[in-house]
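What follows is the residue order along each chain.
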Number of protein chains: 2
Amino acid sequence: MYIELDGQGARYAQLIRALKAAILESRLAPGSRVPASRHLASELGISRNTVLAAYDQLQAEGFLLARVGSGSFVADIGNRPLPLRQQAAPAVVAPLSAFSRRALAISDGALIPGRQHRDLRFNLQYGLPMTNPALASAWRREINRASERAEFDYPDAQGLPALREQICDYLRRRRGVEATPENILVISGTQQAFALASRVLLDAGDRVVLEDPHYRGARQIFASYGARVLGVRVDAEGLVPAALPKQASLAVVTPSHQFPTGALLPLSRRVELLEWATAKRCWLIEDDYDGEFRFGGRPLAALKSLDRDGRVIYIGSYSKTLFPALRLGYMVLPESVGRAFRAAKWLEDRGSNTLEQAALAHFMASGGFERHLRRAAQSLRARRNAMLGGLRKHAAQVFEVVDSNAGMHLTAWLRSGSHADCERLAAHARERGLGLYTVAPYSLQSGARPGLLLGYAALPPADIDAALRLLGRCLRETGLLANR
Amino acid sequence: MYIELDGQGARYAQLIRALKAAILESRLAPGSRVPASRHLASELGISRNTVLAAYDQLQAEGFLLARVGSGSFVADIGNRPLPLRQQAAPAVVAPLSAFSRRALAISDGALIPGRQHRDLRFNLQYGLPMTNPALASAWRREINRASERAEFDYPDAQGLPALREQICDYLRRRRGVEATPENILVISGTQQAFALASRVLLDAGDRVVLEDPHYRGARQIFASYGARVLGVRVDAEGLVPAALPKQASLAVVTPSHQFPTGALLPLSRRVELLEWATAKRCWLIEDDYDGEFRFGGRPLAALKSLDRDGRVIYIGSYSKTLFPALRLGYMVLPESVGRAFRAAKWLEDRGSNTLEQAALAHFMASGGFERHLRRAAQSLRARRNAMLGGLRKHAAQVFEVVDSNAGMHLTAWLRSGSHADCERLAAHARERGLGLYTVAPYSLQSGARPGLLLGYAALPPADIDAALRLLGRCLRETGLLANR
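The rules behind each value
Residues numbered from 1 in each chain as written. Chains lettered and ligands numbered in written order. Predicted model: local features only at pLDDT ≥ 70, side-chain atom pairs only at ≥ 80, totals over all residues. Heavy atoms only, no water. Helix = DSSP H or I, 4+ residues; strand = E, 2+ residues; numbered from the N terminus. Rg over C-alpha atoms; globule rule 2.2 N^0.38 Å. Contact = heavy atoms within 4.5 Å. Lys, Arg positive; Asp, Glu negative; His and termini not counted. Charge placed at Lys NZ, Arg CZ, Asp CG, Glu CD. Least-squares fit on C-alpha atoms with pLDDT ≥ 70 in both. Salt bridge = Lys/Arg side-chain N within 4 Å of Asp/Glu carboxyl O. Polar contact = N/O pair within 3.5 Å; in protein donor to acceptor, adjacent residues only side chain to side chain. Buried < 20%, exposed > 50% of the residue type's maximum accessible area, 1.4 Å probe, protein only. Axes fitted to C-alpha atoms, helices over the stretch in contact; angles between N-to-C directions. Parallel < 35°, antiparallel > 145°, perpendicular 65-115°, else oblique. Nonpolar A, V, L, I, M, F, W, Y, C, P; charged D, E, K, R; others polar. Pairing = 2+ DSSP bridges. Left-handed = near helix turned anticlockwise from the far one by under 90°.

Chemist: How would you sum up the overall build of chain A? Please name residues and give values.
Modeler: In terms of regular secondary structure, chain A is built from 16 helices and 15 strands. Over its C-alpha trace chain A gives a radius of gyration of 29 Å, far above what one expects of a compact globule, namely 23 Å for 484 residues. Put simply, of all contacts in chain A between residues at least 6 apart along the chain, 71% involve residues at least 24 apart. Side chains of chain A give 63 positive and 46 negative charges; the mean places of these two sets differ by 3 Å.

This is the structure in structure tokens:
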């Protein structure tokens, strides 16, 4: 018998693996006697105790049988040459679902492994968290505090009651939304809201309306569930109600700060939108992803505050107000869909992480959260001003910049040129160490206006200045800006 | 104009709500002038500044228009009597999906809000976490350590690389499973594994095989996705391969410790099961929910260690080895389905919570996790012995107890009687402050054997003794045990 150790891990484990392989591959036939431990030990240059221990384990697992006085024998476990052995690992052993086929096509490898920006000097990617040492230490204190009072049992699948109460209080004061803790569902980030909505509200083939351009993650999840995604035109005032389709099951809107154009939907359009939804028996999701960070004027009340017949599902996220690693957000659910969403969340994962929920509830109750929001808004304002100033100085001839007065990003539209020009610029910039991203992936129509989506949250003003000087150089080097 | 404040929250917010309602309900008509601030203030008994601030806000939001020198006017926002106002909130505003209808029927209210056991003196519910001060303080240290090094950006959706490495090392040493970090997907608990598998592997109407009895959470999620759930018989040695159906897309098995009977699937049946799956092109999910806690003999290698053609998806949970509030588990994915599961996880929630993953990676790397497992196994052994002893002493005439030699629960089968007898006993016991649970919900067939599922992890031995004395009294009081 030929037994070879693979050299990985402890000798004992190596020997067990090797013996199992020999038995399963019928190199050790059923009923045959295994080598005496003494011989095998000397053959392999290992201790006899190791061999005995391995034989013991294989007996316990049923691979070997011990007969008193005559050593160990290979058990008959159907170890005729296994049919499983005869085929090499095939590409797909059994069929995958329609969901899988769509999800694989949509996510397409590149999107899954996460960001690859570690080697960039400056990264203007949207969604990177703000560097914020004050928040880091405040949050550390909250986590440590919460961990002293940690619960060990399953969480409330709907969300920690104390957190849901804080969310209601916050929404009433800051977003004009009236909700009770019973209406709140705590979720693992905005993405899960779209996933739950796909399951609870949509069957395959149903129509979903997205603003065009829009948040790509929403499009991807709805499409993976087999929904038909329709775009609705956006202008300088946001979604154009007249462009809404004749029929749809669900529309996702960003009235407080259209993503990515930054438009603020005026009240008359809000009312038109609600009327359209009522007429079409269509659900509305209001994605209020960064409605908090408004630098001029007061934050406006949410669309949800106008919702009289329980048609608007409001989504709040902590990925922008705090940071993405937290993986927490919430939904405000009309009564008619509350039970279905709670059931879907409970079926999916039994509720979001308890410790962070407890930390967040206390952070909100103690006033720390809103103190942080005020400081963050100041810091974002300085970054936005640096971004606006830099764009005007280095890129105004090439890009038209929309000042959105809110949020963590700006859009810059190419004055003349194509998507290909933007891609060429972004590719060149990346070689120079500048992470630059086009708006194209956020559009359904290839005919949408070419431009850049510029995130400014993650960089201090001085870095933004430097990044935009570098952008200016890239514009000249790519010929988009004539050299003077 | 009649304006009434609702008395909830700040005056300013109350006034804004009241004015918005009046405008939306056309009590304040478009183009009409709003009352002078001075008058409204005196009428409502609030300060004039509050009224002015509210008017300002309503202007910013587009509800009012200011005309220089002549005060504020109601804007025309389509505030003809809104159609939304005319219908009272209906039960369901727009249709829900087929998933919702199934999920609502399956979860049926009672299961969602979580456990209601706070008022019980002794609770023998399965799945309650072990009371464990040593673990609590060790985990607190890990969380605090991890929070000092916290990442703020989106996590790796597949799971923290350091944690995936630890899981591979652990699986190789303790479960005989060979995997690389690329094969591991970190998830938010076992429940999410079943949810992801439903989406990735199944279309509505596909057949899923569950052992009967089985873990109810698995049945619920598969059924909510519209799968056809088939049971396969279980005997004292676990799943009976001869009883497997002619065709299925997926089978979920618990070979290391059948849930809930506690049977250990012998090697020959494991091989038969794998051969059946190969012949039927059927996926297998191995739910190794508590394979670690084995009190006699060594832990056996997982079924996954025999998987030669990438057919077995292995699920590990930290809800039993650590505690449920952690909401972390992992899957070992064959290469052919790795991308599809990673895409499904990424689409669902962008990855599980980073902080706990980092804490767990260090807890495992430092040896703390396995030290905890050794201590927990000792503690569980004492609790199991108390449970076995108590059952023999107080209930042996009524129940046949299966000593499973592993895990955190025992099953006790009614020697003679019906499911109704068990339910009656459980109801009576609950009135006496003893939480007692029947196995009936874990079976597909109503003809399955009646019995109890007795969790012992959460109670110290003295409490288990007392609980079983109370059980004996309940048996006499319900007439299941003749009074002597």
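Resuming the write-up.
Chemist: Can you lay out the relation of the copies chain B and chain A for me, pointing to particular residues and giving the numbers?
Modeler: These two copies of the chain differ by a rotation about an axis and a displacement along the same axis. Rotating chain B by 180° about the axis while translating it 0.0 Å along that axis superimposes it on chain A, leaving an RMSD of 0.1 Å. The superposition of one copy onto the other is thereby described by a two-fold rotation axis. Ranked by how close their C-alpha atoms come to the rotation axis, the residues of chain B are headed by Asn144(B), at 2.9 Å. The residues that chain B uses at the interface reappear at the interface of chain A in 100% of cases, marking a shared surface.

Chemist: Talk me through the interface of chain B and chain A; I want residue IDs and the actual numbers.
Modeler: Of the residues lining the interface, 121 residues belong to chain B; the matching set on chain A comes to 121 residues. Linking chain B with chain A are 4 salt bridges. Where Arg17(B) meets Glu178(A), a salt bridge forms, and the shortest distance between an N and an O atom there is 2.9 Å. Summed over the shared surface of chain B and chain A, the result is 34 residue pairs in polar contact (both at pLDDT 80 or more). The biggest single contributor to the side of chain B that touches chain A is helix 11 (residues 335-349) of chain B, with 11 residues.

Chemist: Tell me about the environment of Arg424(B), and name the residues and values.
Modeler: All names here are of chain B. Summarising the element assignment, Arg424 is placed in helix 14 (residues 419-431). Arg424 sits 54 residues away from Thr478 along the chain, and the two C-alpha atoms are 7.7 Å apart. Non-local contacts of Arg424, meaning those with residues more than four positions away in its chain, are made with Thr478 and Leu480.

Chemist: Explain unusual backbone geometry to me, using residue names and the numbers behind them.
Modeler: Residues apart from glycine generally show negative phi values, whereas peptide bonds are mostly found in trans. Cis geometry is found at the peptide bond from Phe259(A) to Pro260(A), where omega equals 0°. With respect to the helices and strands, the residue Pro260(A) is situated in the loop between strand 8 (250-253) and helix 10 (267-280). Of the consecutive residues Asp212(B) and Pro213(B), the connecting peptide bond is found in the cis state with omega at 5°. By secondary structure assignment, the location of Pro213(B) is in the loop between strand 5 (207-212) and helix 9 (216-224). Here the phi dihedral of Arg281(A) falls at roughly 50°; this positive angle occurs in a residue that is not glycine. Locating Arg281(A) in the fold gives a position in the loop between helix 10 and strand 9 (283-287). Positive phi values are uncommon outside glycine, yet Arg350(A) reaches one of about 65°. On the basis of relative accessible area, Arg350(A) is assigned to the buried category, the value being 10%.

Chemist: Give me the pattern of salt bridges: which residues, what numbers.
Modeler: Tallied over the entire structure, the rule returns 40 salt bridges over all chains. For Asp309(B), the salt bridge identified is with Arg311(B), shortest N-O distance 3.3 Å. Among the residues examined, Arg311(B) registers a relative accessible area of 1% and is labelled buried. Because the salt bridges share partners, they merge into one network encompassing Asp169(A), Arg173(A), Arg174(A) and Glu370(A).

Chemist: Run through the packing of helix 12 (residues 335-349) of chain A against helix 5 (residues 98-107) of chain B, naming residues and quoting values.
Modeler: Where helix 12 of chain A meets helix 5 of chain B, the closest approach of the two axes is 9 Å, and the angle between their N-to-C directions is 75°. Relative to helix 5 of chain B, the element helix 12 of chain A is oriented roughly perpendicular. Judged by residue contacts, Arg339(A), Ala340(A), Ala343(A), Ala344(A), Trp346(A) and Leu347(A) of helix 12 of chain A engage Phe99(B), Ser100(B), Ala103(B), Leu104(B) and Ser107(B) from helix 5 of chain B. Residues of the contact of helix 12 of chain A with helix 5 of chain B, tallied by class, amount to 8 nonpolar, 2 polar and 1 charged.

Chemist: Give me the lowdown on the pairing of strand 4 (residues 184-187) of chain A, citing residues and values where you can.
Modeler: Residues and elements named next belong to chain A. Side chains Ile184 and Val186 project from strand 4 onto one buried face, and the interleaved Leu185 and Ile187 project onto a second face that is buried too. As paired elements, strand 4 and strand 11 (residues 329-332) share 4 bridges and run antiparallel to each other. Residue pairing across strands places Ile184 opposite Val332, the latter belonging to strand 11.

Chemist: Would you mind going over the packing of helix 9 (residues 216-224) of chain A against helix 11 of chain B in detail, with residue names and values included?
Modeler: Running from N to C, helix 9 of chain A and helix 11 of chain B cross one another at 125°; their axes reach a closest spacing of 9 Å. It follows from the interaxial angle that helix 9 of chain A and helix 11 of chain B lie oblique. As helix 9 of chain A packs across helix 11 of chain B, the resulting crossing turns out to be left-handed. On the side of helix 9 of chain A, the interface is formed by Gln220(A), Ile221(A) and Ser224(A), while helix 11 of chain B contributes Trp346(B), Leu347(B) and Glu348(B). Residue classes in the contact of helix 9 of chain A with helix 11 of chain B are distributed as 3 nonpolar, 2 polar and 1 charged.

Geometric values such as these leave the question of function open.
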